[in-house]
Amino acid sequence: MPTKKVEEKKFEENLAELETIVKKLESGDVALEDAISEFQKGMLLSEKLKKTLNEAEETLVKIVGKDERESKFSPEQKNY
């Protein structure tokens, strides 16, 4: 089975992989060179996850107005 690129994986898969890397590094049973490599991989995953969350947030803050057009919604506009 071919390895998926970071960009092609689902958010949940990337998050699970990042959690595995963190546990591995926290255990302390990793050679220095491997720890550096895992840390770098974790940072790339972290940036990808952050980007995905930011994009999701941008999507969620749009609301549909009475005229069926999307408009930006800011937390200051809450009227519920």
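Residues numbered from 1 in each chain as written. Predicted model: local features only at pLDDT ≥ 70, side-chain atom pairs only at ≥ 80, totals over all residues. Heavy atoms only, no water.

Chemist: Help me out: how do you make sense of the pattern of salt bridges in this one?
Modeler: Close approach of charged atoms allows side chains with opposite charge to pair. Summed over all chains, the structure comprises 3 salt bridges. Across the salt bridge formed by Lys9 and Glu17, the nearest N and O atoms sit 2.5 Å from each other. Judged by its relative accessible area of 18%, Glu17 falls in the buried class. One salt-bridge network, held together by shared partners, links Lys9, Glu17 and Lys41. (Salt bridge = Lys/Arg side-chain N within 4 Å of Asp/Glu carboxyl O. Buried < 20%, exposed > 50% of the residue type's maximum accessible area, 1.4 Å probe, protein only.)

Chemist: Whenever I open this one, helix 1 (residues 11-27) confuses me. Can you help?
Modeler: For an α-helix, 3.6 residues make a turn, and residues three or four places apart therefore share a direction. If you check helix 1, its first and last C-alpha atoms are 24 Å apart, about what 17 residues at 1.5 Å a residue would give, namely 24 Å. Among the residues making up helix 1, those that are buried are Asn14, Glu17, Leu18 and Ile21. For helix 1, the angular spread of buried residues about the axis comes to 100°, placing them on one side. Opposite the buried face of helix 1, by more than 90 degrees, sit the exposed residues Glu12, Thr20, Lys23 and Glu26. Those residues of helix 1 hidden inside the fold are in contact with helix 2 (32-60). Two residues or fewer after helix 1 comes Gly28, characterised by a positive phi angle close to 80°. (Helix = DSSP H or I, 4+ residues; strand = E, 2+ residues; numbered from the N terminus. Expected span 1.5 Å × (residues − 1). Arc of directions from axis to C-beta. Contact = heavy atoms within 4.5 Å.)

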